[in-house]
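# Observations on the model geometry
If you want the building blocks of each chain, they are given just below.
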Amino acid sequence: MDDGFLMEVCVDSVESAVNAERGGAGRIELCAGLVEGGTTPSMGLLQVVKQCVRVPVFVMIRPRGGDFLYSDREVEVMKADIRLAKLHGADGLVFGALTEDGRIDTELCTALLAVCRPLPVTFHRAFDMVHDPLVALETLISLGFERVLTSGCDSSALEGLSLIKRLAEQVWNSVTARCVTSGLFPPGGGITERNLQRILEGSTASEFHCSARSARDSGMKFRNPNVAMGASFSAPEYSIKVADVAKVRTLNAIAKNIL
């Protein structure tokens, strides 16, 4: 964070990881299934990404899309994925878990954090689904999470800006978190070149999270228009979304100009 901020780019491919680093990203969040908000990537993807980039790579630990209430077997999968991610060079982990009444699952988070040690851990946007974000924040700080990715419990970080600011103020006023910096709250969700300045100025954040993707037409010449590989909401087979070097650079330049 030589320039006073850090840009984390969420990626789901080697190409996107390389483009993010070329554009100036200071950290990568590696996922699969971005159309579902991000799920655990394959260890093959992690291995190759680690060979191709030098910036830290944080690995998403989320066994499926949907809610953040996990069964015992899903928890075993998460623990196994954490161990494998550490084995294959992850620099940090990203996960979140809630109880059925929308509170932080402290028992599960404590168990998963123990498996993650000594790597830093981010609590992801499961935070945006909690019943009481101010109470949830205190819980996460006491558990030892290094950062909390949030859109301010709204559809995007811009809409949730007032809550992000309240959370930051709560941290500074908290006896248990006097040493926590504004890096605890990287805003994420719907960040673009058009709104980044307002988000950073309004949140006092020193980090932010984005995907900065553009659609690229597939190289396939033969195309079957009658078959789809996923559900109706899935991305079309003949269009690929990748991190855009130009977009990453633009966001980087905006943040440098502000901070």
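Bear in mind the structure is a predicted one, so any value in this text is a computation, not a measurement. (Residues numbered from 1 in each chain as written. Predicted model: local features only at pLDDT ≥ 70, side-chain atom pairs only at ≥ 80, totals over all residues. Heavy atoms only, no water.)

### Here we look at unusual backbone geometry
Geometrically, the link from Arg-117 to Pro-118 is a cis peptide bond, its omega value of 5° lying close to zero. Tracing the chain through its elements places Pro-118 in the loop between helix H4 (106-116) and strand E5 (121-123). The phi dihedral of Cys-153 is positive, around 60°, even though this residue is not glycine. As for its position among the elements, Cys-153 is in the loop between strand E6 (147-148) and helix H6 (161-173). The partly exposed category is assigned to Cys-153, whose relative accessible area is 29%. Located in the positive-phi region is Ala-212, a residue other than glycine, with phi close to 50°. Classification of Ala-212 by relative accessible area gives buried; the value is 8%. (Helix = DSSP H or I, 4+ residues; strand = E, 2+ residues; numbered from the N terminus. Buried < 20%, exposed > 50% of the residue type's maximum accessible area, 1.4 Å probe, protein only.)

### Re helix H7 (residues 196-203)
Those residues of H7 not exposed but buried are Leu-196, Ile-199, Leu-200, Gly-202 and Ser-203. Phi for Thr-204, located one or two positions after H7, is positive at around 60°.

### Observations concerning the nonpolar core
Looking at soluble globular proteins, one finds that nonpolar side chains tend to be buried together. Of all hydrophobic cores here, the largest spans 68 residues; its most connected members are Phe-95, Phe-123 and Phe-208. Ignoring sequence-local partners within four residues, the contact set of Phe-123 consists of Phe-95, Gly-96, Ala-97, Leu-98, Ile-104, Cys-109, Leu-140, Phe-145, Arg-147, Val-148 and Leu-149. Cys-10, Cys-31, Phe-58 and Val-94 belong to the second largest nonpolar core, which has 6 residues in total. (Core = buried A, V, L, I, M, F, W, Y, C linked by side-chain atoms within 4.5 Å. Contact = heavy atoms within 4.5 Å.)

### Considerations on helix H8 (residues 245-258)
When the terminal C-alpha atoms of H8 are compared, their 20 Å separation across 14 residues agrees well with the 20 Å that a helix rising 1.5 Å per residue should span. At its buried positions, H8 is contacted by strand E1 (6-11), helix H1 (14-23), H7, strand E7 (207-210) and strand E9 (239-243). For H8, the capping residue at the N-terminal end is Asp-244, with a side-chain oxygen 2.9 Å from the backbone nitrogen of Ala-246. (Expected span 1.5 Å × (residues − 1). Polar contact = N/O pair within 3.5 Å; in protein donor to acceptor, adjacent residues only side chain to side chain.)

### Re the packing of aromatic side chains
Per the counting criterion, the structure on display carries 3 aromatic pairs. Aromatic pair Phe-123 and Phe-145: ring centres 5.3 Å apart, planes at 90°, arrangement edge-to-face. With Phe-123 in strand E5 and Phe-145 in the loop between helix H5 (133-143) and E6, this pair connects stretches of sequence that are 22 residues apart. We classify Phe-145 as buried; its relative accessible area is 5%. Within the aromatic cluster, the residues linked to one another by ring pairs are Phe-95, Phe-123 and Phe-145. The lysine or arginine in question, Arg-27, covers the ring of Phe-58, its NZ or CZ lying 5.0 Å from the ring centre. (Phe/Tyr/Trp six-rings, centres within 6.5 Å; stacked < 30°, edge-to-face > 60°. Lys NZ or Arg CZ within 6 Å of the ring centre and 35° of its normal.)

### With respect to the confidence of the model for the protein chain
The predicted structure's coordinates, where accompanied by low pLDDT, should not be read in detail. Confidence in the prediction of the protein chain, expressed as mean pLDDT, is 89, and 92% of residues score 70 or more. Of the regions scoring below 50 in pLDDT, residues 175-182 engages in 12 contacts with residues more than four places distant in sequence or in other chains. (pLDDT = per-residue confidence, 0-100.)

### Re the side chain of Glu-207
Tracing the chain through its elements places Glu-207 in strand E7. Within the structure, Glu-207 has its side chain in polar contact with the side chain of Arg-27 (distance 2.8 Å). Within polar-contact distance, the side chain of Glu-207 engages the side chain of Arg-147 at 3.4 Å.

### Observations regarding the sheet that holds strand E2 (residues 27-30)
Read across the sheet, 7 strands follow the order E6-E5-E4-E3-E2-E1-E7 without closing on themselves; strand pairing throughout is parallel. Every interior strand has two partners, whereas the edge strands, E6 and E7, have only one. Bridge count for E2 against strand E3 (residues 57-60) is 3 bridges, and the pairing is parallel. The partner of Leu-30 across the bridge, within E3, is Val-59. (Pairing = 2+ DSSP bridges.)

### Topic: the environment of Ile-82
Relative to the assigned elements, Ile-82 resides in helix H3 (residues 72-87). The exposure class of Ile-82 is buried, given its relative accessible area of 0%. Placed 42 residues apart in sequence, Ile-82 and Thr-40 show a C-alpha to C-alpha distance of 9.6 Å. If near-sequence neighbours (up to four positions away) are discounted, Ile-82 is found in contact with Ile-61, Leu-93, Leu-112, Val-115 and Cys-116.

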